[in-house]
Amino acid sequence: MTANSAIPLSRPLSRRDLIAAGAVTLAAPFVLRRRAVAAEPLRLSWNAGAVCFSAVPLAFQLDLFKKHGLEVELINFTGSTDQLLEAIATGKADAGVGMALRWLKPLEQGFDVKISAGLHGGCMRLFGAKEAGVKTVLDLPGKTIGVSDMASPSKNFFSVVLTKFGIDPNKDVEWRQFPADLLGLAVEKGEIHAIADGDPLVWRHTKDPRMAEITNNVCGEFATRTCCLVGVRGSLLRENRPAAKALTTALIEAQHAAYADLRAAAAAYAPYAPKFPVEELEAMLRSHAHNVTPIGDELRQQLALYTDELKSVSVIKRSTDSQRFAGRITVDLA
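Once a new chain begins, its residue numbering starts again from 1 and follows that chain's sequence as written. Only residues with pLDDT of at least 70 are given local features in this predicted model, and only at 80 or more are side-chain atom pairs given and counted; all residues enter the totals for whole chains, interfaces and linings. Each side-chain value is derived from all of the structure's non-hydrogen atoms; neither hydrogens nor water enter the calculation.

### Looking at the overall build of the protein chain
- In terms of helices and strands, the protein chain carries 13 helices and 10 strands.
- Across the 334 residues in the protein chain, those meeting the buried criterion constitute 57%.
- A separation threshold of at least 6 residues defines the contact pool for the protein chain, and within that pool the share at least 24 residues apart is 80%.
- A total accessible area of about 14,500 Å² is found for the protein chain, and carbon and sulfur atoms account for 52% of it. Helix and strand assignments come from DSSP, with helices taken as H or I runs of at least 4 residues and strands as E runs of at least 2, each series counted from the N terminus. Accessible area is worked out with a 1.4 Å probe on protein chains only. A residue is then buried under 20% of its type maximum, exposed over 50%, and partly exposed in between. Residue contacts are defined here by distance: any two heavy atoms, one from each residue, within 4.5 Å place the two residues in contact. Per-residue and other accessible areas follow the Shrake-Rupley method at a 1.4 Å probe size, with only the shown protein chains counted as cover for residues.

Right under this line is the structure:
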């Protein structure tokens, strides 16, 4: 599926549709059809390059949106986070899935988007070059860390990790941006000494004996913290709250189904990552925390923690009230 393309699921899918949508050939189970809760198909935006969103294609495969009375069109969004949130806020999309540490800063600006659930934890990794003597977080001062985006969730997250070790991420290390598929080459050339990025692209370094995985976002206090979210258009909540609830519920159910059968989730996602065999995608998913789906107070508390941490690395304004902010940007749909 190309960027901003979508296949409406208002009719049985042909073989061509299945290939275009990235569906797999496993048969979906019978599900009880409910009365439609939205007159028009809802448009769900996602980043097809992120393996951690494997529950999204799995939801289509298992017919979970139809189970909850919805027709859903899937949009592969490849633009910036600001553009994604603006697309949701202005009605170009009805909802989207994205990463907390990429969404919180733009949401601070006041987009009309509410977070309704967390989807899972894990998918970001920090690797060090053994030759450069980088094997632990404490080896990083004075080194250069490569990232694919200077506003990436990985840069934000590992900046937070550095502060917890007493390292100033703005003064004690240097950050340099390279295309994700060239980060390994930058290490070989000695231009960077560590890599911070997300699966599936960063996964290749787990097999490189020259690299050491220093840490990731399922370690320690982050083991049960969500890293990816469901965001819903504010006007959809005001106009058709049942549809927003149904969409959120279907995505959470898909996430639970993914956790119960990670091989099926990997197979559902495989058409979007043709360079990786299903077995390798499954291994990536097993290293994440796909049983982390906070809603309500638990979600707000986790987002407030992230907000405090982002304040500590000068991403969120220090004057922001974390609890009030988390309350403003979330919605209870349980």
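### Let's talk about the confidence of the model for the protein chain
- The score called pLDDT rates the predictor's confidence residue by residue, from a low of 0 to a high of 100. Per-residue confidence for the protein chain gives a mean pLDDT of 88, with 87% of residues at or over 70.
- Low pLDDT (under 50) marks residues 1-33, which in the prediction has 53 contacts with non-local residues, meaning those over four places away or in another chain.

### Looking at the packing of aromatic side chains
- Here a Phe, Tyr or Trp ring, Trp counted by its six-membered ring, pairs with any other such ring whose centre lies within 6.5 Å, and the pair is stacked when the planes are under 30 degrees apart, edge-to-face when over 60, and tilted otherwise. All told, the structure shown has six aromatic pairs when counted by the stated rule.
- Judged by centre distance (4.9 Å) and plane angle (90°), the ring pair of W46 and Y272 falls under edge-to-face. Of the two residues, W46 sits in strand β1 (residues 42-46) while Y272 sits in the loop between α10 (262-269) and α11 (278-286), which places them 226 residues apart along the sequence. The same class applies to W46 as to Y272, namely buried.
- An aromatic cluster of at least three residues, connected via ring pairs, comprises W46, Y269 and Y272.
- Any Lys NZ or Arg CZ found within 6 Å of a ring centre and within 35 degrees of that ring's normal is scored as a charge over the ring. It is K155 that lies over the ring of W175; its NZ or CZ is 5.1 Å from the centre.

### Overview of the side chain of R225
- For R225, the position within the fold is in the loop between β9 (211-216) and β10 (228-233).
- Side-chain atoms alone can form a polar contact between residues adjacent in sequence; in general such a contact is a pair of N or O atoms within 3.5 Å, and within protein one must be able to donate a hydrogen while the other accepts it. Among the polar contacts listed, one links the side chain of R225 to the side chain of E309, at a separation of 3.0 Å.
- Residues contacting R225, with those up to four places away along its chain left out, are H120, G121, V292, Q302, L305, Y306 and E309.

### Section: the packing of helix α5 (residues 100-108) against helix α13 (residues 322-329)
- Between the N-to-C directions of two axes lies an angle of 0 to 180 degrees, each axis being a line fitted to C-alpha atoms and, for a helix, fitted only over the stretch in contact. α13 packs onto α5 with a crossing angle of 95° between their chain directions and a minimal axis gap of 11 Å. With respect to each other, α5 and α13 are oriented roughly perpendicular. Here α5 contributes L104, L107 and E108 to the contact with α13, which in turn contributes F325, R328 and I329.
- Residue polarity is assigned by list, with Asp, Glu, Lys and Arg as charged and Ala, Val, Leu, Ile, Met, Phe, Trp, Tyr, Cys and Pro as nonpolar; anything else, Gly included, falls into the polar class. Partitioned by chemical class, the residues of the contact of α5 with α13 number four nonpolar, no polar and two charged. Roughly parallel refers to an angle under 35 degrees, roughly antiparallel to one over 145, roughly perpendicular to one between 65 and 115, and oblique to any angle outside these ranges.

### Considering the packing of helix α6 (residues 153-164) against helix α12 (residues 296-312)
- Orientation of α6 relative to α12, taken along the N-to-C sense of each, is 75°, at an axis distance of 9 Å. Judged on the interaxial angle alone, α12 and α6 are roughly perpendicular. Contacts between α6 and α12 involve N156, V160, T163 and K164 on the former and, on the latter, E309, L310 and S312.
- Taken together, the residues of the contact of α6 with α12 break down into two nonpolar, three polar and two charged.

### Description of α5
- Of all the nine residues making up α5, seven are buried; the element is thus mostly covered by neighbouring parts of the structure.
- Those residues of α5 not exposed but buried are A100, L101, W103, L104, P106, L107 and E108.
- G110, located one to two residues past α5, shows a positive phi value of around 105°.

### A word on unusual backbone geometry
- Note the cis peptide between D199 and P200, where omega equals 10°.
- Looking at the element boundaries, P200 is found in the loop between β8 (194-198) and β9.
- For C123, which is not a glycine, the phi torsion comes out positive at approximately 125°.
- Mapped onto the elements, C123 comes out in the loop between β4 (113-120) and β5 (124-129).
- We classify C123 as buried; its relative accessible area is 5%.

### Notes on the nonpolar core
- What is meant by a nonpolar core is a set of buried Ala, Val, Leu, Ile, Met, Phe, Trp, Tyr and Cys residues, joined one to another through side-chain atoms within 4.5 Å. Counting residues in hydrophobic clusters, the biggest one holds 100 residues, and the most contacted among them are F65 and L303.
- Looking at this core element by element, the count peaks at nine residues for helix α9 (residues 241-260).
- Mapping this core onto the domain boundaries places at least three of its residues in each of domain 1 (45-122 + 224-329) and domain 2 (124-216).
- Core analysis: the next-biggest nonpolar cluster, separate from the first, contains 10 residues, F178, L183, I192 and I195 among them. Each domain's extent was defined by an automatic or database domain assignment.

### Side note on the pattern of salt bridges
- The salt bridge definition used is simple: a Lys or Arg side-chain nitrogen within 4 Å of an Asp or Glu carboxyl oxygen. One pass over the structure, following the stated rule, counts 22 salt bridges.
- Put simply, K105 and E108 hold a salt bridge, and the shortest N to O gap is 2.9 Å. With a gap of three residues between them, K105 and E108 both fall in helix α5, about one helical turn apart.
- Judged by its relative accessible area of 32%, K105 falls in the partly exposed class.
- When its relative accessible area of 11% is taken as the criterion, E108 is described as buried.

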